[in-house]
Amino acid sequence: MSAPAATTRTARTTRPARMGPRTETTLRIIAPIAVGLIVLGTWQFLVSVVGVSDYLLPSPASIIEEFVAYWPSIAQAMLITGTNALVGLVVGSILGILLAAVAARWRPIDQMSAPVVASLAVIPIVALAPVLNSMFGADSQFGRQAIAAIASFVPVFINTLRGFRQTTPVHRDLMKAYAASSGQVLRTLTLPTARPFILTGIRIASSLAVISALVAEYFGGPRGGLGGLISTSAASSAYARAWAYVLASIALGLLFYLATLALERLLQRHTPQARRRP
Amino acid sequence: MSEPQGFRPAQPAAVPTPAAATAVEVRGVDKRFETRSGQVQALDAIDLTVAAGEFVSLIGPSGCGKSTLMRLIADLDDPSSGTLTVFGKSTRQARLDQEYGIAFQSAGLLPWRTVAANVALPLELHGVASGARANRVAELLDMVGLADFADRYPDQLSGGMQQRVAIARSLAEQPRLLLMDEPFGALDEMTREKMQSDLVRISAETGAAVVFVTHSIPEAVFLSDRVVVMSPRPGRIREIVPMRLGADAKRAARTDELREERAFFDMVTAVREALHGGAPVGTGPRGVETR
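This one's a predicted model, so the numbers in the text were calculated from it and none came from an experiment.

### Overview of the overall build of chain A
- Within chain A one finds 12 helices and zero strands.
- Moving toward the C terminus, one meets the helices and strands of chain A in the order α-α-α-α-α-α-α-α-α-α-α-α.
- Looking at chain A as a whole, 33% of its 278 residues qualify as buried.
- Across chain A, contacts joining residues at least 24 apart in sequence account for 79% of those joining residues at least 6 apart.

Structural data, given as structure tokens:
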């Protein structure tokens, strides 16, 4: 009985032409870089040799030139937008986790909050931003932070609520048999069970927070953020500069994403082991 | 498996005080479940007494309420009528006082905790200081032969090893009563026999009373002082078969040789006949569920 099992196992491990783990890692890093370089090369070729108009598509070289020339302003803008996104992400995530905990505990609150959350999820930023800007004054960043918070809240709430419902009957029985207090159950069972779900929610929210904070700047309020500068540069026909700000926005979004990914890795150190086993 | 070095039983083996002489007392217990298709009578007029230090198995076909009865004793569910006491207390008080240890069919380990941290869980929840906790965990893991696996995570262990961790965890607080719901149900035959021998040894060492739910006749016969045979729909106790194995009925005398003795097969037959409603069924162990 064990012999066929053993054969299938060896068959499974040998079937794909396996490369060493080091080669695989190297490839994983080199492959996207190669793709990026090829795309950039084609882009530069289109602009400088084929002669695509600079208005239509500025060359990578000119974008980088602008990026370097306007670095102080770009760094300042990244800081402003980044702060708004971060405040929104933190506040939205905390509210999402707290409300999900309450909704998981008391069924009526879950039923009451479901339509509210569903409508929050479909609020268009373009509609809300001008309203909040006029509510809180043209010189306040609050409207943008609020929009980032709303955008972050939804995925965190939904994922966390789902995570809080993942405890298994045998674990709940065990906690009851141990006469654990509700605080102990939360700390030793419910939160650790929900942790991967919460972290996934935060990771999704991180990108949304940056995008929302940035888009909200298109609708008035104080200048100086990335979104505001992209629209002013484009309006004054400085297309390469506008693209340089776009580049900075992408970098900011990636930074948020990677930071939350790192947080996830840090708090889930031993789960890769679990994933490796089917 | 390693010898139980360094393991010390909780109480110096049972000096029975009148109040503690009875581990579990069940009187006229009914349990009804409301389902969509109406009421289901899971247990009907159950009377059962388990003495301190006694090993009692509950056996019967699916749906006979043996797990339900164990859950009532553990105060995981409430009876519809009747009374249950554990060491003379209400089941709720016994649960709050941590009078029993419990193990389920699935090991139920917390996957984000190491083996050692899983065994330490009840000690941690009940405020045992970390030094004493570490000592106790080392002792328990030694007893179940998993000392080398303390830092592994549950998903790195086989099913049998996970179940051994769960048993170590159920013993963590040296309970006077162990409740086990088919703990070996998912194991292969070889592992199962080994775990049964280990359980016999451990329960003899600790002097704990055990209520053991199973659907395997040989398992019940091998382990128990008495086998409670139950019948389904509604769940009733059909017969309580005392086991008299060997000249010396002490649990420590139950070794693997016992599985091949004539007395063992006689007891298997007795339980089997009780299960099938008293009609004689064959002469030997042939055809018996041999798991």
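### Comments concerning the environment of Ser67(B)
- Locating Ser67(B) in the fold gives a position in helix H1 (residues 66-73).
- Of the residues examined, Ser67(B) has 21 C-beta atoms within 10 Å and is grouped as buried.

### Comments concerning the packing of helix H4 (residues 71-105) of chain A against helix H5 (residues 107-121) of chain A
All names here are of chain A.
- Relative to each other, H4 and H5 sit at 130 degrees, their axes nearing to 5 Å. Judged by the angle between their axes, H4 and H5 are oblique. Between H4 and H5, the contacting residues are Leu99, Val102 and Ala103 on the first element and Ile109, Asp110 and Ser113 on the second.
- Here the contact of H4 with H5 is built from residues that sort into four nonpolar, one polar and one charged.

### As for the interface of chain B and chain A
- In this complex, chain B contributes 18 residues to the contact, which on the side of chain A involves 16 residues.
- When residues of the side of chain B that touches chain A are traced back to their parent elements, those giving at least two are helix H2 (91-96) and helix H3 (115-125) of chain B.
- Sort the elements by how many residues they give to the side of chain B that touches chain A and H3(B) lands first, with three residues.
- Here the residues of the side of chain B that touches chain A are counted per class, giving 12 nonpolar, four polar and two charged.

### Digging into the sheet that holds strand S5 (residues 89-90) of chain B
All names here are of chain B.
- One open sheet accounts for four strands, arranged S2-S1-S4-S5; its pairing is antiparallel. In this open sheet, the two edge strands, each paired with only one partner strand, are strand S2 (38-51) and S5.
- Relative to S2, strand S1 (residues 22-35) runs antiparallel, the two sharing 10 bridges. Counted as the bridge partner of Glu34 is Gln39 from S2.

### Re the pairing of strand S9 (residues 226-231) of chain B
All names here are of chain B.
- In terms of strand pairing, strand S3 (residues 55-59) meets S9 through four bridges, oriented parallel. Paired with Val56 across the two strands is Arg226, which belongs to S9.
- Relative to strand S10 (residues 236-242), S9 runs antiparallel, the two being bridged by six bridges. In the strand pairing of S10, Val227 is matched with Val241.
- If you look at the hairpin formed by S9 and S10, you'll find four residues sitting between the two strands, and Arg233 has a positive phi there, around 45 degrees.

### Points about unusual backbone geometry
All names here are of chain B.
- A positive phi angle is found at Phe87, which is not glycine, with a value near 50 degrees.
- Mapped onto the secondary structure, Phe87 falls in the loop between strand S4 (81-86) and S5.
- Of note in this structure, Gln174 is not a glycine but carries a positive phi near 50 degrees.
- Looking at the secondary structure, you find Gln174 in the loop between helix H5 (159-170) and strand S7 (177-181).
- The class of Gln174 is partly exposed, set by 16 C-beta atoms lying within 10 Å.

### Concerning the UniProt feature "transmembrane region" (unreviewed entry) in chain A
- Those places that UniProt annotates as "transmembrane region" (unreviewed entry) correspond, in this numbering, to residues 29-57, 77-104, 116-136, 142-161, 197-219 and 242-267 of chain A.
- Between the C-alpha atoms that bound residues 29-57 of chain A there is a distance of 28 Å. The span itself is 76% helix and 0% strand.

### Examining the nonpolar core
- Ranked by internal contacts, the top residues of the largest apolar core, which has 87 residues, are Ile73(B), Val119(B), Ala168(B), Leu179(B), Val211(B), Val221(B) and Val271(B).
- Once you skip the residues sitting within four places of it in the chain, Val119(B) turns out to touch Val137(B), Leu140(B), Leu141(B), Val165(B), Ala168(B), Arg169(B) and Ala172(B).

What counts, and where the lines are drawn
- Residues numbered from 1 in each chain as written.
- Chains lettered and ligands numbered in written order.
- Predicted model: local features only at pLDDT ≥ 70, side-chain atom pairs only at ≥ 80, totals over all residues.
- Helix = DSSP H or I, 4+ residues; strand = E, 2+ residues; numbered from the N terminus.
- Buried ≥ 20, exposed ≤ 12 C-beta atoms within 10 Å, placed from the backbone.
- Contact = placed C-beta atoms within 7 Å.
- Axes fitted to C-alpha atoms, helices over the stretch in contact; angles between N-to-C directions.
- Parallel < 35°, antiparallel > 145°, perpendicular 65-115°, else oblique.
- Nonpolar A, V, L, I, M, F, W, Y, C, P; charged D, E, K, R; others polar.
- Pairing = 2+ DSSP bridges.
- UniProt positions renumbered as here; feature names shortened; annotations may be inferred.
- Core = buried A, V, L, I, M, F, W, Y, C linked by C-beta atoms within 7 Å.

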